[in-house]
Amino acid sequence: MKPKSYRKKATRQPALHKRRKALARQAMELVNQLRLELPLALAVTVIDMASGVSLAAYSATPALDWSTAARFQVGLVQRKHEALAALGLANEQMQDILITLSSQLHLLRLTSTGEQLIALVVDAQTTNLALARNILRTLAEQLETAPALRAA
């Protein structure tokens, strides 16, 4: 038997790594639920605002690269926060951002903590915007109350 100092110690996952895995699992559940509620959604992703990394994503179009888009969407939200501060509206809470394209609607919704961003892409012609916003708001609230977030 080896002396005690040479025994391999069991590796433990840091609490942060466990939290990220739990959050990624919760984010994937959110993506799947959104796909059930909005079956014609073109794409959806849940993004970690601190790192700019997509925690979970779905795209009906393989051409959409969420790893690249996530960083730009985080930058867009950060610039909007800076603009609000410059206008003296720093106390206002951003609810969502709507970007309208000729054939698509891009909805960005922050959780109330500002730690995650949910990005949704829908067809502009066939999607009810009010319904999409309501579903997105509800799912953001579910993400906020997820056990992975409450444990932090």
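The structure we're discussing is the one just above.
Residues numbered from 1 in each chain as written. Predicted model: local features only at pLDDT ≥ 70, side-chain atom pairs only at ≥ 80, totals over all residues. Heavy atoms only, no water.

A few words now on the sheet that holds strand E4 (residues 104-110). What the 5 strands build is an open sheet, ordered E2-E1-E5-E4-E3; its pairing is antiparallel. With one partner strand each, in any of the chains shown, strand E2 (53-59) and strand E3 (96-100) form the two edges of the open sheet. Mean inter-strand twist for the sheet, computed between neighbouring axes without regard to direction, equals 10°. In the sheet, E4 pairs with strand E5 (residues 116-123) via 7 bridges, with the strands oriented antiparallel. (Pairing = 2+ DSSP bridges. Helix = DSSP H or I, 4+ residues; strand = E, 2+ residues; numbered from the N terminus. Axes fitted to C-alpha atoms, helices over the stretch in contact; angles between N-to-C directions.)

With that settled, the discussion passes to the nonpolar core. Ranked by internal contacts, the top residues of the largest apolar core, which has 21 residues, are Leu34, Leu38, Val46, Ile118 and Leu120. Those elements that provide at least two residues to this core are helix H1 (15-37), strand E1 (43-48), E4, E5 and helix H3 (129-144). Those residues within four positions of Leu38 in sequence are excluded, and the remaining contacts are Leu120, Val122, Ala132 and Ile135. Counting 16 residues, the second largest nonpolar core, distinct from the first, contains Trp66, Val74, Ile97 and Leu117. (Core = buried A, V, L, I, M, F, W, Y, C linked by side-chain atoms within 4.5 Å. Buried < 20%, exposed > 50% of the residue type's maximum accessible area, 1.4 Å probe, protein only. Contact = heavy atoms within 4.5 Å.)

Among the secondary structure elements, Asp48 is positioned in strand E1. If near-sequence neighbours (up to four positions away) are discounted, Asp48 is found in contact with Val53, Leu55, Val74, Glu115 and Gln116.

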